[in-house]
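Chain and residue survey
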Amino acid sequence: MVLVVGGAGYVGSHTLLALREAGREAIALDDLSRGHEWALLGAPLVRADVTDLEALRYVFGRHQVSAVLHFAGLIEVGESVKDPAGFYHANVHGTWCLLEAMREAGVRDLVFSSTAAVYGEPEHTPIPEMHPRNPTSPYGDTKLAAERLIQAYEAAYGFRAVRLRYFNAAGADPEGRLGEAHDPETHLIPRALLSVLGRGQFTVFGDDYPTPDGTCVRDYVHVCDLAAAHVAALDALRRGESGAFNLGTGRGASVREVVEAVRAVTGADFSPGVAPRRPGDPAVLVADPGLAGSVLGWQPQRSDLLTVVEDAWRWHRRSLQAD
Ligand code: UFG
């Protein structure tokens, strides 16, 4: 059985569903502070915080866990600047608690949700895994610290871990059962779509970057492709593989291109204004995903921009109707 820590969150819930659809037995652990019970789609839940070592011991004592997927954590860069204590507690101490409970229970296989934020301002793009790690926010620092903690457990205690560095997670389950539901929502695609639906204002943060159209370029990767990468990572661990892998497409899209895609998919007359740059945003973040292709056998299937925006649009329309 696979333990999915943070299984009620955005990427966690899509992965939980992918595991169950692949016939794998899975149980979620989530405190539902950021995740949603509906996102479990009926999967079993242990409601607990990842920093609750007693609760973790209870789970490992009760279930035959063969591997752990660790999604739980705080993710918002701006929030991490205001609340570094909360981020270190959730993302670093939480990871330590999980590793300790695994060590005691003799569970050694781990897939960890990391981020492109570990690279900081890129020195060159596309970014390979060996690019220097220089995070520019407490969020990135905590994810890098958690990665290093995991590596120390691999060296000392025989753990095997795959660390997956997501670029820009986006999109939703194509059948509309799951999708992105952050509060507050800070990400580009949901904010643009929600504004088309009359929920919230949307502006382009900066059009004076050194990019072809002046807006930031990102590597958007469909959440279902991320989910598939986790399933592939579990198989890779069984084959004895481990390490850090970028999850992106290798292709960048600018904010303007995303705005175009939103206009094409929604049919709305969508012409957002331009606001000043958001502090800390690098101009270009694009993955070199070659290693995930060669070692994990992972290739994105749904990550072209129009498919990502179509799937997200279906989800947001449906979730607002259900409101
Ligand atoms: N943007 C806008 N308007 C908005 C929201 C975003 O123009 O209302 C722009 C941002 O300035 C940025 C791009 O859209 O240029 C993408 O922004 P997101 O907030 O969607 O994503 P980020 O690239 O900032 O964040 C992602 C991950 C983080 C990770 C970070 C690494 O979501 O977890 O990359 O830098 F930390």
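Residues numbered from 1 in each chain as written. Predicted model: local features only at pLDDT ≥ 70, side-chain atom pairs only at ≥ 80, totals over all residues. Heavy atoms only, no water.

Our next topic: the packing of aromatic side chains. In total, this model carries six aromatic pairs according to the counting rule given. Here W38 and W315 contribute two aromatic rings whose centre-to-centre distance is 5.5 Å and whose plane-to-plane angle is 40°, an arrangement assigned as tilted. Of the two residues, W38 sits in the loop between β2 (26-30) and β3 (45-47) while W315 sits in helix α10 (residues 305-321), which places them 277 residues apart along the sequence. Accessibility expressed as a relative area gives 40% for W38, which makes it partly exposed. With a centroid separation of 5.4 Å and 85° between ring planes, the pair formed by Y153 and F159 is classed as edge-to-face. Accessibility expressed as a relative area gives 6% for Y153, which makes it buried. Residue class for F159 comes out buried when judged on its relative accessible area of 4%. Here the aromatic residues Y153, Y157 and F159 are joined through ring pairs into a cluster of three or more. (Phe/Tyr/Trp six-rings, centres within 6.5 Å; stacked < 30°, edge-to-face > 60°. Helix = DSSP H or I, 4+ residues; strand = E, 2+ residues; numbered from the N terminus. Buried < 20%, exposed > 50% of the residue type's maximum accessible area, 1.4 Å probe, protein only.)

A cis amide bond, omega -10°, links T125 with the succeeding residue P126. Following the sequence through the fold, P126 ends up in the loop between β5 (109-115) and α5 (138-157). Notably, L32 is not glycine yet its phi reads approximately 60°, a positive angle. When you line up the elements, L32 lands in the loop between β2 and β3.

With that out of the way, let us pick up the sheet that holds strand β11 (residues 243-247). The strand order β3-β2-β1-β4-β5-β6-β11 describes an open sheet built from seven strands, whose pairing is parallel. Of all strands in the sheet, those with a lone pairing partner are β3 and β11, marking the two edges. Along the sheet, successive strands turn relative to each other by an average axial angle of 20°, direction set aside. As paired strands, β2 and β3 are joined by three bridges and run parallel to one another. Bridge pairing in β3 links A28 to L45. Here helix α7 (residues 223-238) sits on the sheet in contact with β1 (2-5), β4 (67-70), β5, β6 (160-166) and β11, set at roughly 160° to β6. (Pairing = 2+ DSSP bridges. Axes fitted to C-alpha atoms, helices over the stretch in contact; angles between N-to-C directions. Contact = heavy atoms within 4.5 Å.)

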